[in-house]
Amino acid sequence: MPKVLDGAAIAAAIKLEVAEDVRALAVHGVRPGLAAVLVGNVAASEIYVRSKVQACADLGIYSDLITPPESVSTDEMLALVDKLNHRNDIDGILIQLPLPKHVDTKALLDAVDPAKDVDGFHPMNAGRLQAGRPALAPCTPAGVIEILRRSGIAMSGQHAVVVGRSDIVGKPAAMLLLHQNATVTICHSKTRDLGEVTRQADILVAAIGRPGFITPEMVKPGATIIDVGINRLTTREEFDRYFAGDAKREAIFSKRGSTIVGDVHPKAFELAGAYTPVPGGVGPLTIAMLMANTVRAARMRREL
Ligand code: NAP
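Computed from a predicted structure; not experimentally measured.

What counts and how
- Residues numbered from 1 in each chain as written.
- Predicted model: local features only at pLDDT ≥ 70, side-chain atom pairs only at ≥ 80, totals over all residues.
- Heavy atoms only, no water.
- Axes fitted to C-alpha atoms, helices over the stretch in contact; angles between N-to-C directions.
- Helix = DSSP H or I, 4+ residues; strand = E, 2+ residues; numbered from the N terminus.
- Parallel < 35°, antiparallel > 145°, perpendicular 65-115°, else oblique.
- Left-handed = near helix turned anticlockwise from the far one by under 90°.
- Contact = heavy atoms within 4.5 Å.
- Nonpolar A, V, L, I, M, F, W, Y, C, P; charged D, E, K, R; others polar.
- Near = heavy atom within 4 Å.
- Polar contact = N/O pair within 3.5 Å; in protein donor to acceptor, adjacent residues only side chain to side chain.
- Areas by Shrake-Rupley, 256 points an atom, 1.4 Å probe, with all protein chains shown as cover.
- Pairing = 2+ DSSP bridges.

**Some points on the packing of helix α6 (residues 139-150) against helix α7 (residues 170-179)**
Part 1 of the reasoning: Contact geometry for α6 and α7: axes closest at 8 Å, N-to-C directions at 40°. On the basis of their axis angle, the class for α6 and α7 is oblique. Relative to α7, the crossing made by α6 is right-handed. Residues Pro141, Ala142, Ile145 and Leu148 of α6 pack against Pro172, Ala173, Leu176 and Leu177 of α7.
Part 2 of the reasoning: Broken down by class, the residue content of the contact of α6 with α7 amounts to eight nonpolar, no polar and no charged.

Below, the structure is given as structure tokens:
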């Protein structure tokens, strides 16, 4: 039976450590602070940001939720970021994506002080990560490493195949795996014979954004599968494609009218040595690592 890597339990352990760090900083009169900027009324973004603000409250981190209207301009957002860059009570700035189309997302992410860039999206932090210098790493890929590390899964010398090359997940995940001495292959939509490559993976990271894309024949038996994908299924046809006969999922689907599936087909997990489930795998780590980055930023900024 494959081992299920319990992301929720790992995230809880990290949060306990972060709360401990927050208490240690209090001795120096420091309370880490996170500004969360939520533009407009995107339902999913509201849920994410509220859970981030709640996590701050749980761990003793100060948070300031700022909610500009959908109509906000790039200039107004740049002025807001500038203000946050200069506020001493703010150690981390989180701009929840996606932003409305008329707002220049890149310009905004570039405007965040790299020392407060707790999402790790600033090119300066991406460069530092690549150069192997201390950096605020993007939260989801950092969470992937924590899951592997804390589950005792060897990375050194292993062949890690990352499917997806986004700046937010795929690329930084590959870089972090490289720093752990894995032999890393990055795949994307133009990769030829994808299954041929993924079948070589000792550690397979799927960050594609396509439901159940990694099928059993793409997996080497015994591999560790890290499924970063989050895809919502809302129709019976979609549901049956992945979860026909799964009573637990059926109950969720009947109750809520939807369920989520990762980028890995549930049948592919059966071949794994270990895997992260969706939900309850990588997802919970993202917020835990955001909290960890906020405390780290607070410490680094004050050279503590
Ligand atoms: P993204 O920016 O859309 O990137 C998707 C990547 O997958 C791209 O590099 C793309 O290749 C590649 N891809 C698409 N179709 C492919 C194919 N047929 N074969 C091989 N590669 C293919 O997505 P993302 O932001 O990285 O997110 C990926 C997934 O992770 C999504 O499901 C997202 O919801 C999830 N996610 C989860 C968390 C979490 O907290 N758990 C956080 C962030 C994202 P090209 O570059 O060639 O187009």
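After that view of the structure, there is still more to cover.
**Things to note about the site of the ligand**
Part 1 of the reasoning: Among the 22 residues in the neighbourhood of the ligand, the closest are listed as Arg165, Ser166, Ser189, Val228 and Thr286.
Part 2 of the reasoning: Contacts to the ligand include Ser189, whose side-chain N or O atom sits 2.5 Å from an oxygen atom.
Part 3 of the reasoning: Between an oxygen atom of the ligand and a main-chain N or O atom of Ile230, the distance comes to 3.2 Å.
Part 4 of the reasoning: Computed on the free molecule, the ligand has an accessible area of 920 Å², of which 71% lies beneath the protein chains in the complex.
Part 5 of the reasoning: Among the residues forming the shell around the ligand, the class breakdown is nine nonpolar, ten polar and three charged.

**As for the sheet that holds strand β6 (residues 183-187)**
Part 1 of the reasoning: Strand order across the open sheet formed by six strands is β1-β11-β8-β7-β5-β6, with parallel pairing between neighbours. Both outer strands of the open sheet, β1 (3-4) and β6, are each paired with one neighbouring strand and no more.
Part 2 of the reasoning: One ladder, built from two bridges, connects β1 with strand β11 (residues 274-275); its direction is parallel. In the sheet register, Val4 faces β11, and the bridge partner there is Tyr275.
Part 3 of the reasoning: Against the sheet, α6 contacts β7 (203-206) and β8 (224-227), and its axis sits at roughly 150° relative to β8.

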